[in-house]
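Overview (structure and organization)
Here is what each chain is made of, one letter per residue.
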Amino acid sequence: MNSDRRQFLKRAALAGVALEGARSASAQTAGDTPDLTWGANPNPFWGAASEHIGGTVERSTPLADIYGIITPSELHFSINHENLTPNINAHKHRLLIHGMVDRPLIFTMEELKRLPSVSRVHYIACGGNSYLGLDSRKNPPKTVLESHGKTSCSEWTGVTLSTLLNAVGVQKGGNWLIAESADVKRHAMSIPLAKAMDDALLVYGQNGGPIRPEQGYPLRLLLPGWEGIRNVKWLRRLQVVDQPYFSRYEVGTYTNVMPDGVRLFLFDAAPGSVITYPSGQHHLPGPGLYNITGLAWSGGGAVHKVEISVDSGRTWKNAQLQEPIFRKAHTRFQMAWKWNGQETVIQSRCTDEKGDIQPTVAELTKIWNVTPDYWQTTTNNIHDFNAVQPWRVDREGNIHNAMFQA
Ligand SMILES: Nc1nc2c(c(=O)[nH]1)N[C@H]1C(S)=C(S)[C@@H](COP(=O)(O)O)O[C@H]1N2
Ligand SMILES: [Mo]
């Protein structure tokens with residue numbers, strides 16, 4: 001054992017961190033590709049027609065059919081830009097932390113699990129949730145699964161990223177991290193060091209079990225409240241660098257092309273909410289008492305308030321929030337509503353702990369500085385569209401998507 005290593009272990013022990021098993025990265029072939037086997041893939045698209053290969057597989061959470069705030073693991077939405085869920089052997093998986101650090105290290109999963117762990121409830125939402133693309137303009141979403149199903153919330157278990165960064169010792173000028181995945185896509189994202197040291201986690205547990213293959217088994221980066229795309233699944237490498245790398249998804253798909261320029265690096269997600277009952281394609285059997293319920297979230301922190309309007313936006317009343325309320329997590333709201341059998345529009349809006357308020361489409365038009373017809377006429381894909389979702393109740397009690405149709 002060289003003296004550097006001895007010193008490191010001493011410091012790690014002082015920090016109360018059991019890192020004995022972690023090997024110095026230089027002692028191994030740093031950056032070795034972890035063993036990937038592609039057989040027995042649970043993904044139903046495995047082996048399907050080649051048209052799917054290289055495409056994106058999307059699966060949404062049926063928000064109208066879940067209770068409380070935790071999304072059952074098997075119903076967590078999923079976005080795989082490389083179609084397949086890699087079948088990674090956790091015993092052979094390694095995490096390399098290197099770059100502008102004093103002591104590059106390689107961790108096995110066993111070593112990561114020996115470190116002090118935390119369990120935290122956080123949501124992940126795709127920047128493309130309630131996203132307006134050409135398709136969704138032609139075929140507006142009918143159900144809440146279609147409109148908002150790319151957000152889910154879990155109790156994640158793992159280690160704080162700051163623990164590991166303190167162990168490797170970030171050098172002066174190391175202001176960014178490049179996080180890279182082990183799947184064939186080598187999905188890479190640039191993460192500011194401040195976020196990495198704040199509340200970022202490396203997670204191996206989801207809702208009390210091992211993280212699901214679709215969510216990044218055996219290890220994923222979790223950046224609470226940040227756009228989904230940055231939460232790198234099947235994490236294999238963290239490189240400390242001095243500047244962002246402008247990776248494919250940082251300059252391509254997940255940017256917003258606006259009339260006045262391109263918006264890159266979307267971080268904290270804005271407050272959002274949606275009524276999940278009653279929502280698109282539900283049917284109210286007749287006038288009477290109903291319990292409106294739904295979910296709210298914000299990348300800015302805790303949901304502070306959710307207001308509901310049942311009279312086409314004329315008046316708003318505070319909904320009841322289910323406790324406990326976690327920061328950067330789904331928050332369940334509800335309110336009793338007596339439907340009189342008349343046509344109306346129901347909608348919810350979220351205010352977070354910073355005082356940020358979810359805007360209506362009209363308000364968002366002003367915030368984005370676009371013309372009112374922009375949403376319907378642009379050929380750009382629109383991400384991070386967090387406008388209030390209106391649902392129209394017709395006289396027969398059928399519920400319709402009223403976004404842009406009010
Ligand atoms: N390696 C890798 N990580 C990834 C992706 C991916 O395709 N590959 N998709 C990203 C996107 S776009 C989103 S929205 C989230 C979705 O996380 P989930 O599939 O667990 O719901 O993971 C992100 N992390
Ligand atoms: Mo995404």
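Since this is a predicted model, take the numbers as computed values, not measurements. (Residues numbered from 1 in each chain as written. Chains lettered and ligands numbered in written order. Predicted model: local features only at pLDDT ≥ 70, side-chain atom pairs only at ≥ 80, totals over all residues. Heavy atoms only, no water.)

1. Observations concerning the nonpolar core
- Core analysis: the largest hydrophobic core is formed by 44 residues, its most contacted members being Leu95 and Leu202.
- Contacts of Leu202, omitting those with residues within four sequence positions, involve Leu95, Thr157, Gly158, Val159, Leu161, Leu164, Leu219, Arg220, Leu221, Leu235 and Leu238. (Core = buried A, V, L, I, M, F, W, Y, C linked by side-chain atoms within 4.5 Å. Buried < 20%, exposed > 50% of the residue type's maximum accessible area, 1.4 Å probe, protein only. Contact = heavy atoms within 4.5 Å.)

2. Some points on the side chain of Gln358
- Inspection of the secondary structure assignment puts Gln358 in the loop between β24 (344–352) and α8 (361–367).
- Assessed through its relative accessible area of 1%, Gln358 is described here as buried.
- In this structure the side chain of Gln358 is engaged in a polar contact, spanning 3.1 Å, whose partner is the backbone oxygen of Asn386. (Helix = DSSP H or I, 4+ residues; strand = E, 2+ residues; numbered from the N terminus. Polar contact = N/O pair within 3.5 Å; in protein donor to acceptor, adjacent residues only side chain to side chain.)

3. Looking at the pattern of salt bridges
- Taken as a whole and judged by the stated rule, the model has eight salt bridges.
- Here Glu180 makes a salt bridge to Arg237, at a shortest N to O gap of 3.0 Å. Highlighted residues: Glu180 in strand β10 (residues 176–181) and Arg237 in strand β15 (residues 235–241), separated in sequence by 57 residues.
- Since its relative accessible area comes to 11%, Glu180 is described here as buried.
- Close ionic contact of Lys328 with Asp199 constitutes a salt bridge, the shortest N to O distance being 2.9 Å. Within this pair, whereas Lys328 is found in the loop between β22 (320–321) and β23 (331–339), its partner Asp199 is found in the loop between α6 (193–198) and β12 (201–206), the two being separated by 129 residues in sequence. For the pair Lys328 and Asp199, one class covers both residues: buried.
- Taken together, the salt bridges that share partners define one network made up of Glu180, Arg236 and Arg237. (Salt bridge = Lys/Arg side-chain N within 4 Å of Asp/Glu carboxyl O.)

4. Some remarks on the packing of aromatic side chains
- Under the counting rule described, the total for this entry stands at six aromatic pairs.
- Seen in terms of ring centroids, Tyr374 and Trp375 are 5.6 Å apart; in terms of plane orientation they differ by 75 degrees. Their pairing is edge-to-face.
- Using a relative accessible area of 7% as the deciding quantity, one classes Tyr374 as buried.
- Taking the relative accessible area as the measure of exposure, Trp375 reaches 0% and is therefore buried.
- Geometrically, the ring pair formed by Phe385 and Phe404 is tilted, given 6.2 Å between the ring centres and 35 degrees between the ring planes. A residue pair is termed long-range when its members are at least 10 positions apart, and Phe385 in the loop between α9 (374–377) and β25 (391–393) and Phe404 in the segment after β26 (399–401) qualify at 19 residues.
- What makes Phe404 partly exposed here is its relative accessible area of 30%.
- Taken together, Trp368, Tyr374, Trp375, Phe385 and Phe404 form an aromatic cluster joined through their ring pairs.
- The ring of Tyr204 has Lys113 sitting right over it, with the charged end atom 5.6 Å from the ring centre.
- Against the face of Trp316 rests Arg349, its NZ or CZ located 4.1 Å from the ring centre. (Phe/Tyr/Trp six-rings, centres within 6.5 Å; stacked < 30°, edge-to-face > 60°. Lys NZ or Arg CZ within 6 Å of the ring centre and 35° of its normal.)

5. Looking at the side chain of Ser162
- Inspection of the secondary structure puts Ser162 in helix α5 (residues 161–168).
- A relative accessible area of 17% places Ser162 in the buried class.
- If we skip the residues at most four places from it in the chain, Ser162 touches Ala196 and Met197.

6. Some words on the site of ligand 1
- As a matter of local geometry, ligand 1 sits amid 20 residues, with Phe77, His81, Arg220, Lys233 and Tyr254 nearest to it.
- Side-chain polar atom of Ser78 to an oxygen atom of ligand 1: 3.4 Å apart, as the coordinates give it.
- Here Asp183 contributes a side-chain N or O atom positioned 3.3 Å from a nitrogen atom of ligand 1.
- For ligand 1, whose unbound accessible area comes to 530 Å², protein coverage reaches 100%.
- Counting residues per element, the shell around ligand 1 draws most heavily on strand β4 (residues 78–80), which supplies three residues.
- Considering only residue class, the shell around ligand 1 consists of seven nonpolar, nine polar and four charged. (Near = heavy atom within 4 Å. Areas by Shrake-Rupley, 256 points an atom, 1.4 Å probe, with all protein chains shown as cover. Nonpolar A, V, L, I, M, F, W, Y, C, P; charged D, E, K, R; others polar.)

7. Regarding the sheet that holds β25
- Strand order across the open sheet formed by five strands is β21-β20-β24-β25-β26, with antiparallel pairing between neighbours. This sheet does not close on itself; its edge strands, each paired only once, are β21 (317–318) and β26. (Pairing = 2+ DSSP bridges.)

8. Thoughts on the pairing of strand β18 (residues 272–277)
- With respect to burial, β18 is a largely interior element, five of its six residues being buried.
- Sheet topology places β18 next to strand β19 (residues 288–297); five bridges connect them, and they run antiparallel. Residue pairing across strands places Gly272 opposite Trp297, the latter belonging to β19.

9. A word on empty space enclosed by the protein
- Taken as a whole and assessed by the stated rule, the structure comprises two cavities of 30 Å³ or more.
- Here the largest cavity defines a volume of roughly 290 Å³.
- In terms of lining, the largest cavity is formed by 24 residues, of which the most central are Ile79, His81, Arg220, Asn231 and Lys233.
- If you tally residues by element for the lining of the largest cavity, the top one is β4, at three residues. (1 Å grid on protein atoms, 1.4 Å probe; cavity = no way out; pocket = protein on both sides within 12 Å on 5 of 7 lines; lining within 4 Å. Points joined across faces, edges and corners; volume = space filled by probe spheres on them.)

10. What about the confidence of the model for the chain?
- In the predicted model, the chain carries a mean pLDDT of 86, and 85% of its residues have values of at least 70.
- Predicted confidence is poor over residues 8–21, with pLDDT under 50, and the contacts of this stretch with residues over four places away or in other chains come to 22 contacts.
- pLDDT under 50 marks residues 26–53. Its contacts with residues more than four places away, or in other chains, come to 40 contacts. (pLDDT = per-residue confidence, 0-100.)

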